[in-house]
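Observations on the model geometry
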Amino acid sequence: MTEALRVDLHTHTSCSDGMLTPTELVLRAAGAGIELLAITDHDTTAGVLQAERCAPAAGVRLVPGVEISASWRAQSIHVLGLWIDPASGPLCRALDAQAQHRARRMARICERLSALGLPGSALLRAVEAQPGLPTRTHLAAAMLEAGIVARSEDAFRKYLGRGTAAHVAADWPDLASVVGWILAAGGIASLAHPARYRLSGGARRRLLADFKTAGGTALEVITGGNAAQHVDACADWAQGFGLEASIGSDFHSPEHVWNPLGRLAKLPDRVRPVWRRE
Ligand code: AMP
Ligand code: MN
Ligand code: MN
Ligand code: MN
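Residues numbered from 1 in each chain as written. Chains lettered and ligands numbered in written order. Predicted model: local features only at pLDDT ≥ 70, side-chain atom pairs only at ≥ 80, totals over all residues. Heavy atoms only, no water.

The subject of this paragraph is the coordination of the manganese ion (ligand 2). In ideal tetrahedral geometry, four donors around a metal make angles of 109.5 degrees, whereas ideal octahedral geometry with six donors gives angles of 90 or 180 degrees. Distances from the manganese ion (ligand 2) to its protein donors, namely D17 (OD), H42 (NE2) and H252 (NE2), fall within the range 2.1 to 2.2 Å. For the manganese ion (ligand 2), all donor residues lie on one chain, and their spacing in sequence is D-x24-H-x209-H. (Donors = N, O, S within 2.8 Å, 3.2 Å for Na, K, Ca; no water.)

Below you can see the structure in the form of structure tokens.
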């Protein structure tokens, strides 16, 4: 039975905006009884190589992964690349460009914070001093540290989230290109947390159709903190669009006690687990 396998195919390390190093993450996953683990950092595979070194001794099968930021009709969409070859030339070139894109975007966000009378340059330096490819999580942490906000969620709510004063519109590569890089790297593309995007029903169906047309294979049917009704809706979407199912916590930190590694709802029998090929 595939369901008996303990699986988590969506996790972050300190190579992006996770709190644990890849080695710490693998050891924690082993402690949680996870047998199949994907490391899926935002726009980087740097953690995969480190994790590969310690996974066998820890008894964890590692799935090399990545979570790539894409744009679809001016919306920011996340695509998981699973079982990718991190050495793939097209993928490496694309992720280098994503890193540059992230650096430019962070500088622009910090300029906006400066225009609001906040210490944008100091915040940018504080982001650059942190490990990992810079994300808004890094900036929220810097704002918390500087005493500008009391909680990192407040940084997103007041300054960094969509529709707020320092928000910089997503300008990621288009969805089809992102799926193409994953396929070029021999991987499988799974659309991450499909219930989290603010889309109408019709727009979501168009997104799923475009993703499938681009060569997408799976939908993340179960994600951390998914309410039961989302699981059913996601399973319906997967079935309706002929997509397989992936599951993953989107683990970032042990401090997020509401979202632990590997504690995921059961996948409905009517969808096909993407890891059956393991
Ligand atoms: P970025 O990829 O730079 O746009 O940063 C996005 C990351 O910020 C996500 O992967 C989450 O980890 C985090 N994030 C997004 N929205 C929030 C929020 N409202 N509160 C806390 N963290 C958030
Ligand atoms: Mn994140
Ligand atoms: Mn995501
Ligand atoms: Mn994620």
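Attention shifts here to the coordination of the manganese ion (ligand 3). Looking at the metal site, the manganese ion (ligand 3) is ligated by E67 (OE), H78 (ND1) and H193 (NE2), spaced 2.1 to 2.2 Å from it. All donor residues of the manganese ion (ligand 3) come from one chain, and their arrangement in sequence is E-x10-H-x114-H. Taken as an interatomic distance, the gap from the manganese ion (ligand 3) to the manganese ion (ligand 2) is 5.9 Å. Here the residue H78 occupies a position in strand 4 (residues 75–82), and H193 occupies one in the loop between strand 5 (188–191) and helix 8 (201–214), the gap between them amounting to 115 residues. When sorted by exposure, H78 lands in the same class as H193, which is buried. (Helix = DSSP H or I, 4+ residues; strand = E, 2+ residues; numbered from the N terminus. Buried < 20%, exposed > 50% of the residue type's maximum accessible area, 1.4 Å probe, protein only.)

Take the domain arrangement of the chain next. What the domain assignment reports for the chain is domain 1 (7–94 + 175–277) and domain 2 (104–160). One C-alpha centre belongs to domain 1, the other to domain 2; they are set 26 Å apart. Buried surface at the junction of domain 1 and domain 2, summed over both partners, amounts to about 450 Å²; 62% is from carbon and sulfur atoms. When the buried area of domain 1 at its contact with domain 2 is split by residue, S14, S16 and D17 rank highest and sum to 61% of it. (Domains from an automatic or database assignment. Buried area = accessible area lost by both parts, 1.4 Å probe.)

On to the site of ligand 1, then. Lining the immediate surroundings of ligand 1 are D17, H42, R102, R105, T135, R136, T137, F156 and H252. Take D17: an N or O atom from its side chain is 3.0 Å from an oxygen atom of ligand 1. Side-chain polar atom of R102 to an oxygen atom of ligand 1: 2.8 Å apart, as the coordinates give it. A total of 500 Å² of accessible area belongs to ligand 1 in isolation, and the protein chains cover 70% of it. Put simply, the parts of the chain that give the shell around ligand 1 at least two residues each are helix 3 (89–115) and helix 5 (136–145). Across the shell around ligand 1, the residue classes break down as one nonpolar, four polar and four charged. (Near = heavy atom within 4 Å. Polar contact = N/O pair within 3.5 Å; in protein donor to acceptor, adjacent residues only side chain to side chain. Areas by Shrake-Rupley, 256 points an atom, 1.4 Å probe, with all protein chains shown as cover. Nonpolar A, V, L, I, M, F, W, Y, C, P; charged D, E, K, R; others polar.)

The subject of this paragraph is the pairing of strand 6 (residues 218–223). In summary, the side chains of a regular strand alternate between the two faces of the sheet. Counting buried residues in strand 6 gives six out of six residues, a clear majority hidden from the surface. The handedness of the strand 5 to strand 6 crossover, carried by helix 8, is right-handed. Judged from the five bridges that link them, strand 6 and strand 7 (residues 244–248) form a sheet pairing that is parallel. The residue bridging A218 from the neighbouring strand is E244, located in strand 7. Once the chain exits strand 6 it traverses helix 9 (residues 228–240) before rejoining the sheet at strand 7, and the crossover so formed is right-handed. (Right-handed = clockwise from strand over helix to strand, strands pointing away. Pairing = 2+ DSSP bridges.)

The next point concerns the environment of S88. Topologically, S88 is positioned in the loop between strand 4 and helix 3. On a C-alpha basis, the gap between S88 and A185 in space is 5.1 Å, while along the polypeptide they are 97 residues apart. The contact partners of S88, leaving out residues within four places of it in the chain, are A184 and A185. (Contact = heavy atoms within 4.5 Å.)

Below, the discussion takes up the packing of helix 3 against helix 4 (residues 120–128). Where helix 3 contacts helix 4, the axes come no closer than 8 Å and their chain directions differ by 150°. Crossing geometry of helix 3 relative to helix 4 is assigned as right-handed. Across the interface between the two elements, M106, A107, C110, L113 and S114 of helix 3 pack against G120, S121, L123, L124 and V127 of helix 4. (Axes fitted to C-alpha atoms, helices over the stretch in contact; angles between N-to-C directions. Left-handed = near helix turned anticlockwise from the far one by under 90°.)

Along the polypeptide, S190 turns up in strand 5. A residue is classified by how much of its surface remains accessible, and S190, at 0% relative accessible area, is buried. Those residues in contact with S190 that lie beyond four places of it in its chain are H78, V79, L80, L82, F211, A218, L219, E220 and S246.

Counting residues in each nonpolar core, the largest one holds 50 residues, and the members touching the most others are L9, V79, V221 and W275. In this structure, I109, V127, A140 and L160 belong to the second largest nonpolar core, which totals 19 residues. (Core = buried A, V, L, I, M, F, W, Y, C linked by side-chain atoms within 4.5 Å.)

Residues other than glycine seldom take positive phi values, yet R73 does so here, at roughly 45°. Within the secondary structure, R73 is located in the loop between strand 3 (61–72) and strand 4. The exposure class of R73 is exposed, given its relative accessible area of 55%. Although it is not a glycine, D250 sits at a positive phi angle of roughly 65°.

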